[in-house]
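The residues making up each chain are set out below.
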Amino acid sequence: MKTNSNPVLLLGVSIILFIAACKKNTEAPSTVSDIDKLGVMSATAAAKAHASLTVVTFAGHINSFGYADGTGSTAFFNYPAGIDLMDDGTLYVADSYNNKIRKITPGNVVSTIPIPNASDGASLVYPRSVRVSKDGSINIISDGRHNILILKPGGALSTPAVSLRQGEFSGVTSLEHDPYSDILWMSTNASFRKFLPDNAGNIGINPYYVPVDSLKYLPNPYTSYYIMALYCGYNGIKYLAMDGKHIYKYTPSGLFTEIYKDLKFNGITSIIASKDSRVLYIADQGAIKSIVNGKLQFLVGPNNKYPFGRDGVGSQAGVYAQSLALSKDESTIYFSDNSCIRKLYLR
């Protein structure tokens, strides 16, 4: 029996099958870059699996406080504050009320870093910031007897004093990475300086003291002021949140000036930025906001309907962010909340 084939029909079927195959290949992350050898999805692949501005809790519980190591929701935190994100996705957390430094691996496994007592017997109390140097040293800012604790990879702990001028408040407010070196920068209420020892062994060389007459919002030069957050940008500029309500910049040429004067801030606790420095992200009284081309945009934040927080998209999520960290591919903001560690997928 002779069969007549329609070449146009066969061509159409072939095109349909080809398109379907291409669609199938693009829908599932199957490359090594999307899923690593342990089966853990990369930050980029995970971001693609969520709508923009989706908030996900990946360690700890919303509004459930305690202390326990474990994986994901089996772990507990008690007011985590500062966080530090490594290039491989490992996260270090200053778990303030638990007086602990916690570590979260890319598989969401939470463990506790053992911090020995200082030579005078003092233990870690209320850590607020943590930064890990390239050599593996864990640098901690705390409100205990020692403001600074440095844990070396071998387990040795040092507690250097802060080098300050007479009468300056001794507290350290922020600790940040320099994007182009292994130097850290620290801020006090009145200054910022390199996190390096001077000849006497005290931490904090090359201080820059904020000129009071530049703080135009102060009622008089004798009013106290406070650097609430410090960020070192890839553009060489240092961004400072003065008293939490004003953002200033310090340029490589030494210019110190207020920026975004027409924007209103309520209480900035953290500043980060994209590598091209075109986008600033801030934690402002619990909300996460972005600043692009001088315009302030609300991303996620406190939700009156869900005051104790919940996961969700955009304004439907309940968030009270404390400290922010941006993933290497800039697709995700990691942040500490009152009792947990969470992610905000930007795209």
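Being a predicted model, the structure only gives us computed values, none of them experimental. (Residues numbered from 1 in each chain as written. Predicted model: local features only at pLDDT ≥ 70, side-chain atom pairs only at ≥ 80, totals over all residues. Heavy atoms only, no water.)

Enquirer: What am I meant to see in the nonpolar core here?
Expert: In a soluble, globular protein the nonpolar side chains are often hidden away together inside. Grouped together as the largest cluster of nonpolar side chains are 33 residues, with contacts concentrated most on I271, Y281, I288, L324, I333, F335 and L344. Per-element accounting of this core gives the leading share, 5 residues, to strand β20 (residues 279–284). Not counting residues within four places of it along the chain, the set of residues in contact with I333 comprises I272, Y281, I288, L324, A325, L326, R342, K343, L344 and L346. Listed in part, the 16 residues of the second largest apolar core include A190, F192, V210 and L240. (Core = buried A, V, L, I, M, F, W, Y, C linked by side-chain atoms within 4.5 Å. Buried < 20%, exposed > 50% of the residue type's maximum accessible area, 1.4 Å probe, protein only. Helix = DSSP H or I, 4+ residues; strand = E, 2+ residues; numbered from the N terminus. Contact = heavy atoms within 4.5 Å.)

Enquirer: Sorry, what's going on with the sheet that holds β20 here?
Expert: The strands that make up a sheet are held in pairs by hydrogen bonds between backbone atoms, and each pair lies either parallel or antiparallel. As summarised here, the arrangement of the 4 strands in space is β19-β20-β21-β22, forming an open sheet in which the pairing is antiparallel. Looking at which strands have only one partner, the edges of the open sheet turn out to be β19 (268–273) and β22 (295–300). Along the sheet, successive strands turn relative to each other by an average axial angle of 25°, direction set aside. (Pairing = 2+ DSSP bridges. Axes fitted to C-alpha atoms, helices over the stretch in contact; angles between N-to-C directions.)

Enquirer: Would you mind showing me how to read the sheet that holds strand β6 (residues 109–113) here?
Expert: Taken together, 5 strands build an open sheet; the order of strands is β2-β6-β5-β4-β3 and the sheet is antiparallel. What marks the edges here is a single partner per strand, and that holds for β2 (70–71) and β3 (80–85). The pairing of strand β4 (residues 91–95) with strand β5 (residues 100–104) spans 5 bridges and is classified as antiparallel. Across the sheet, D95 pairs through a bridge with K100, a residue of β5.

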